[in-house]
Amino acid sequence: MTSAKLNFTIATAAIFSPAWLDILNESSQIVAALMPFFGLALVILQIVKLGRNGK
């Protein structure tokens, strides 16, 4: 598995998995609130990186 695929997998899990948010909410409400945004940022960064490498 390439690093790009791994990053997309992690980002997708961070954005769409309610199970992650419940577990994180028990330890830190701030992290649970920010996790979807970090996942989205990771996806955007990977898309930009792939776009630059593709040209």
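The structure this text deals with has already been given above.
Residues numbered from 1 in each chain as written. Predicted model: local features only at pLDDT ≥ 70, side-chain atom pairs only at ≥ 80, totals over all residues. Heavy atoms only, no water.

**Considerations on the overall build of the protein chain**
Argument step 1. When its secondary structure is counted, the protein chain shows three helices and zero strands.
Argument step 2. Counted from the first residue to the last, the protein chain has its helices and strands arranged as α-α-α.
Argument step 3. Burial statistics for the protein chain: of 55 residues in total, 15% are counted as buried.
Argument step 4. Approximately 4300 Å² of the protein chain is accessible, and the part contributed by carbon and sulfur atoms is 71%. (Helix = DSSP H or I, 4+ residues; strand = E, 2+ residues; numbered from the N terminus. Buried < 20%, exposed > 50% of the residue type's maximum accessible area, 1.4 Å probe, protein only. Areas by Shrake-Rupley, 256 points an atom, 1.4 Å probe, with all protein chains shown as cover.)

**Topic: the environment of glutamine 46**
Argument step 1. With respect to the helices, strands and loops of the structure, glutamine 46 is situated in helix 3 (residues 29-54).
Argument step 2. The residues touching glutamine 46, leaving out its near neighbours within four places in the chain, are Ala4, Asn7 and Phe8. (Contact = heavy atoms within 4.5 Å.)

**Quick look at the environment of glycine 39**
Argument step 1. Position of glycine 39 among the secondary structure elements: in helix 3.
Argument step 2. Taking the relative accessible area as the measure of exposure, glycine 39 reaches 3% and is therefore buried.
Argument step 3. Not counting chain neighbours up to four residues away, the residues in contact with glycine 39 comprise Ala11, Ala14 and Ile15.

**Things to note about a nonpolar patch on the surface**
Argument step 1. Where nonpolar side chains cluster on the molecular surface, the patch consists of Ile30, Leu34, Phe37 and Phe38 and spans about 450 Å² of accessible area.
Argument step 2. Here phenylalanine 37 lies in helix 3. (Patch = residues over 30% accessible without salt bridge, like charges linked within 9 Å, V, L, I, M, F, W, Y side chains within 5 Å. Salt bridge = Lys/Arg side-chain N within 4 Å of Asp/Glu carboxyl O.)

**Quick look at the environment of lysine 5**
Argument step 1. For lysine 5, the position within the fold is in helix 1 (residues 3-16).
Argument step 2. For the pair formed by lysine 5 and glutamine 46, sequence separation is 41 residues and the distance between their alpha carbons is 9.4 Å.

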